Amino acid sequence: MFESVQENPYPDSHVLGEGPEPHPLLRPVLPLLGRWHGRGQGEYPTLEKDFRYEQEITFSHDGRPFLRYEARAWLIDGSGSPVRPASREAGWWRVAPDAVLEVVLAHPTGVVETYVGRVSGTEIEIETKDVALTPLAKEVTGTRRHYRVENDGMTVVHDMAAVGQPLQHHLTTHLRRRPS
């Protein structure tokens, strides 16, 4: 009934030197490539208390001028034991010739964000241009993210405007690149 099909001949790669050659426009964001894992802390005025979490992030490419992005997080208790799944998001990072970024992220909670930003050396700043919400999504009106990559470490600071609150600090995550 079904014809056999071949494996995907264009797999994603998250390791330089493996898989397809990165598109030249990706040069400013190549330090992001990889699988990252780390811990963070979050806060927001509408929450009862601050929280701790672990997160994994993957940046990969298939040779075209964009990165595929996926992130998952889970809450942890004071001893570092997992409590429950937390946020999840996936999307695409496009790079323009002048190191300007266009980013699209979708969340399973019904939030889709478009960002614009810029790469400057080891730092990346993106801020929402638009936020779209499904009817049941929590109100998010804007976010800003700052990424700093140094060697095999990455820090992500995430500010958010949501549920009637102005743009303010929400998350800080410190990650290490996982060996491939």
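One can find the structure itself at the top, above this paragraph.
As the structure is a prediction and not an experimental result, all values here were calculated from the model.

Procedures and definitions
Residues numbered from 1 in each chain as written. Predicted model: local features only at pLDDT ≥ 70, side-chain atom pairs only at ≥ 80, totals over all residues. Heavy atoms only, no water. Helix = DSSP H or I, 4+ residues; strand = E, 2+ residues; numbered from the N terminus. Rg over C-alpha atoms; globule rule 2.2 N^0.38 Å. Buried < 20%, exposed > 50% of the residue type's maximum accessible area, 1.4 Å probe, protein only. Areas by Shrake-Rupley, 256 points an atom, 1.4 Å probe, with all protein chains shown as cover. Lys, Arg positive; Asp, Glu negative; His and termini not counted. Charge placed at Lys NZ, Arg CZ, Asp CG, Glu CD. Core = buried A, V, L, I, M, F, W, Y, C linked by side-chain atoms within 4.5 Å. Contact = heavy atoms within 4.5 Å. Pairing = 2+ DSSP bridges. Axes fitted to C-alpha atoms, helices over the stretch in contact; angles between N-to-C directions. Phe/Tyr/Trp six-rings, centres within 6.5 Å; stacked < 30°, edge-to-face > 60°. Polar contact = N/O pair within 3.5 Å; in protein donor to acceptor, adjacent residues only side chain to side chain.

### A few points about the overall build of the protein chain
Okay, step 1: Counting its secondary structure elements, the protein chain contains 0 helices and 10 strands.
Okay, step 2: In terms of overall dimensions, the protein chain is globule-like: its C-alpha atoms have a radius of gyration of 17 Å, near the 16 Å expected for 180 residues.
Okay, step 3: Referenced to the eigenvectors of the C-alpha coordinate spread, the extents of the protein chain come out at roughly 50 × 40 × 40 Å.
Okay, step 4: Taking all 180 residues of the protein chain together, the buried fraction comes to 38%.
Okay, step 5: Of the roughly 10,700 Å² of accessible surface on the protein chain, 53% is carried by carbon and sulfur atoms.
Okay, step 6: The positive charge centre, built from 20 side chains, and the negative charge centre, built from 25, are 2 Å apart in the protein chain.

### Description of the nonpolar core
Okay, step 1: The biggest cluster of nonpolar side chains holds 25 residues, and the ones touching the most others in it are Val 29, Leu 32, Phe 59, Trp 93, Leu 101, Ile 124 and Met 154.
Okay, step 2: Going through the elements one at a time, strand E2 (51-60), strand E3 (66-76), strand E4 (82-95), strand E5 (100-106), strand E6 (111-120), strand E7 (123-133), strand E8 (140-150) and strand E9 (153-162) are the ones with two or more residues in this core.
Okay, step 3: Ignoring anything within four residues of it in the chain, the contact list for Leu 32 reads Phe 59, Leu 67, Trp 93, Ile 124, Val 149, Met 154 and Arg 177.
Okay, step 4: Of all hydrophobic cores here, the second largest spans 6 residues; its members include Tyr 44, Val 111, Val 140 and Met 160.

### Notes on the pairing of strand E1 (residues 34-42)
Okay, step 1: By the alternation rule, side chains of E1 split into Gly 34, Trp 36, Gly 38, Gly 40 and Gly 42, which are all buried, and Arg 35, His 37, Arg 39 and Gln 41, of which none is buried.
Okay, step 2: When E1 meets E2, the two strands line up antiparallel, connected through 9 bridges. Within E2, the position partnered with Gly 42 by the bridge is Phe 51.
Okay, step 3: Taken together, the 7 bridges between E1 and strand E10 (residues 168-177) define a ladder with antiparallel strand orientation. Counterpart to Gly 38 in the pairing with E10 is Leu 175.

### Brief notes about the sheet that holds E9
Okay, step 1: Pairing is antiparallel around the closed barrel formed by 10 strands, whose spatial order is E1-E2-E3-E4-E5-E6-E7-E8-E9-E10. In this sheet, adjacent strand axes meet at a mean angle of 25° when their direction is disregarded.
Okay, step 2: Inspection of the sheet shows E4 paired to E5 by 6 bridges, in the antiparallel sense. Bridge pairing in E5 places Trp 93 opposite Val 103.

### Focus on the packing of aromatic side chains
Okay, step 1: Considering all chains together, one arrives at 6 aromatic pairs under this definition.
Okay, step 2: Seen in terms of ring centroids, Phe 59 and Tyr 69 are 5.1 Å apart; in terms of plane orientation they differ by 55°. Their pairing is tilted. Of this pair, Phe 59 sits in strand E2 while Tyr 69 sits in strand E3, and the two are 10 residues apart along the sequence.
Okay, step 3: Since its relative accessible area comes to 0%, Phe 59 is described here as buried.
Okay, step 4: For Tyr 69, a relative accessible area of 2% gives the class buried.
Okay, step 5: Plain terms: the ring middles of Trp 93 and Tyr 147 are 5.2 Å apart, the flat faces sit at 80° to each other, and that makes the pair edge-to-face. With Trp 93 in strand E4 and Tyr 147 in strand E8, the pair connects residues that are 54 residues apart, well separated along the chain. Residues Trp 93 and Tyr 147 agree in their burial class; the two are buried.
Okay, step 6: Ring pairing ties together the aromatic residues Phe 59, Tyr 69, Trp 93 and Tyr 147, which thus form one cluster.

### Brief notes about the side chain of Thr 143
Okay, step 1: Among the secondary structure elements, Thr 143 is positioned in strand E8.
Okay, step 2: Here Tyr 115 takes part through its side chain, which lies 2.6 Å from a polar atom of the side chain of Thr 143.
Okay, step 3: Apart from the residues within four sequence positions on either side, Thr 143 is in contact with Glu 113, Tyr 115, Ile 126, Glu 127, Thr 128, His 158, Asp 159, Met 160 and Leu 167.

### Examining the environment of Val 29
Okay, step 1: As for its position among the elements, Val 29 is in the segment before E1.
Okay, step 2: Residue Val 29 is classed as buried on the basis of its relative accessible area, which comes to 1%.
Okay, step 3: Once you skip the residues sitting within four places of it in the chain, Val 29 turns out to touch Leu 67, Val 95, Leu 101, Val 119 and Ile 124.

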